[in-house]
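Observations on chain architecture
Residue strings, one per chain:
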Amino acid sequence: MQKQQLNDNLLITNYLHGNERSLGELINRHKQKIYGFIFSKVQNRELAEDIFQDTFVKVIKNIKAGKYNEEGKFISWAMRIAHNLVMDHFRKTSRKPIFKNAMDFDIFSIVGDSSLDVESRIIKEQIHSDVLKVLKVLPEKQREVLVMRIYKDMSYKEIAENAGTSINTSLGRMRYALINMRKIISQNDLSLTA
């Protein structure tokens, strides 16, 4: 793993020094993982290919602008860019991503449908109430980050500035908030689906 990380950094350095093949190798090395992630969320080959290309356009621009400094964690950095572009797509189209398994389930994906009948609306309100109860049990800092991200639609940069922390700390708090929510939901046998 460390060898590949070093190789990724070396490829980036070589690309910055004019070796275009290094960029091609970097893209080929990670194409399957990044494309697979994008496709799993959008479930459309053409759209996945567009977002994949947009991901690498953004990767290239950021590398050329000197914004890559992930200390050998290129794949994590590129996956975050892909994830953000997928989320941007869903925000623009007012759709929610498709989740194949419970570990990827976004409990907030059910909130916001204005075409619900009375029964569905009651179920939605109960789910929303259960989510708020779960939120109250979370540690304060995790709850704050989750509320800023989900309910206030703030970027991790904005969250970090608001909380007076680094972006990585905000990302970590969000990750632990979601892990803790899943545990609480599982322990209390809550059903957060309509």
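Described below are features of the structure shown in this document. (Residues numbered from 1 in each chain as written. Predicted model: local features only at pLDDT ≥ 70, side-chain atom pairs only at ≥ 80, totals over all residues. Heavy atoms only, no water.)

**Some words on the overall build of the protein chain**
Of the regular secondary structure elements, the protein chain holds 8 helices and 0 strands. Each helix and strand of the protein chain, ordered N terminal to C terminal, gives the series α-α-α-α-α-α-α-α. Looking at the 194 residues of the protein chain, the share that counts as buried comes to 35%. For the protein chain, restricting intrachain contacts to residue pairs at least 6 apart in sequence, the fraction spanning at least 24 positions comes to 55%. For the protein chain, the exposed surface amounts to about 12,400 Å²; the carbon and sulfur share of it is 50%. (Helix = DSSP H or I, 4+ residues; strand = E, 2+ residues; numbered from the N terminus. Buried < 20%, exposed > 50% of the residue type's maximum accessible area, 1.4 Å probe, protein only. Contact = heavy atoms within 4.5 Å. Areas by Shrake-Rupley, 256 points an atom, 1.4 Å probe, with all protein chains shown as cover.)

**Side note on the packing of helix H6 (residues 140-151) against helix H7 (residues 156-163)**
Look at H6 against H7: their axes get within 10 Å of each other, and the N-to-C directions meet at 140°. Comparing their axes, H7 and H6 come out oblique. Seen along the crossing, H6 lies across H7 with a hand that is right-handed. Here Val145, Met148 and Arg149 of H6 lie close against H7, whose contacting residues are Tyr156, Ile159 and Asn162. (Axes fitted to C-alpha atoms, helices over the stretch in contact; angles between N-to-C directions. Parallel < 35°, antiparallel > 145°, perpendicular 65-115°, else oblique. Left-handed = near helix turned anticlockwise from the far one by under 90°.)

**Looking at the packing of H7 against helix H8 (residues 167-187)**
Running from N to C, H7 and H8 point in directions that differ by 100°, and their axes come no closer than 8 Å. Taken together, the axes of H7 and H8 lie roughly perpendicular to each other. The residues of H8 that touch H7, namely those facing Tyr156, Lys157, Ile159, Ala160 and Ala163, are Ile167, Ser170, Leu171, Arg173 and Met174. For the contact of H7 with H8, the per-class residue count stands at 7 nonpolar, 1 polar and 2 charged. (Nonpolar A, V, L, I, M, F, W, Y, C, P; charged D, E, K, R; others polar.)

**Focus on helix H3 (residues 45-64)**
In this model, H3 (20 residues) spans 28 Å end to end at C-alpha, consistent with the 28 Å of a helix rising 1.5 Å per residue. Leu47, Ala48, Ile51, Phe52, Thr55, Phe56, Val59, Asn62 and Ile63 are the residues of H3 that are buried. Down the axis of H3, the buried side of the element spans an arc of 170°, and every buried residue falls inside it. Counted as exposed and oriented over 90 degrees from the buried face of H3: Glu46, Gln53, Lys61 and Lys64. Put simply, Asn44 is the residue that caps the front of H3, since its side-chain oxygen is 3.0 Å from the backbone nitrogen of Glu46. (Expected span 1.5 Å × (residues − 1). Arc of directions from axis to C-beta. Polar contact = N/O pair within 3.5 Å; in protein donor to acceptor, adjacent residues only side chain to side chain.)

**With respect to the side chain of Arg149**
Mapped onto the secondary structure, Arg149 falls in helix H6. A polar atom in the side chain of Arg149 sits 3.0 Å from the backbone oxygen of Met154. Leave out the neighbours within four places in its chain, and Arg149 touches Arg91, Met154, Ser155, Tyr156, Ile159 and Met174.

**What to know about a positive patch on the surface**
Residues Lys58, Lys61, Lys67 and Lys157 make up a contiguous surface patch of positive charge. Following the sequence through the fold, Lys61 ends up in helix H3. Overall, the relative accessible area of 58% leaves Lys61 in the exposed class. (Patch = residues over 30% accessible without salt bridge, like charges linked within 9 Å, V, L, I, M, F, W, Y side chains within 5 Å. Salt bridge = Lys/Arg side-chain N within 4 Å of Asp/Glu carboxyl O. Lys, Arg positive; Asp, Glu negative; His and termini not counted. Charge placed at Lys NZ, Arg CZ, Asp CG, Glu CD.)

**Looking at the packing of aromatic side chains**
All told, the structure shown has 6 aromatic pairs when counted by the stated rule. With 6.3 Å between their ring centres and 15° between their planes, Tyr35 and Phe39 make a pair best called stacked. Highlighted residues: Tyr35 and Phe39, both in helix H2 (residues 20-42), separated by 4 residues, approximately one helical turn. Note on Phe39: relative accessible area 24%, which makes it partly exposed. Relative to Trp77, the ring of Phe74 has its centre 6.0 Å away and its plane inclined at 55°; by these criteria the two rings are tilted. Separated by 3 residues within a single helix, Phe74 and Trp77 lie in helix H4 (residues 74-93), roughly one turn from each other. (Phe/Tyr/Trp six-rings, centres within 6.5 Å; stacked < 30°, edge-to-face > 60°.)

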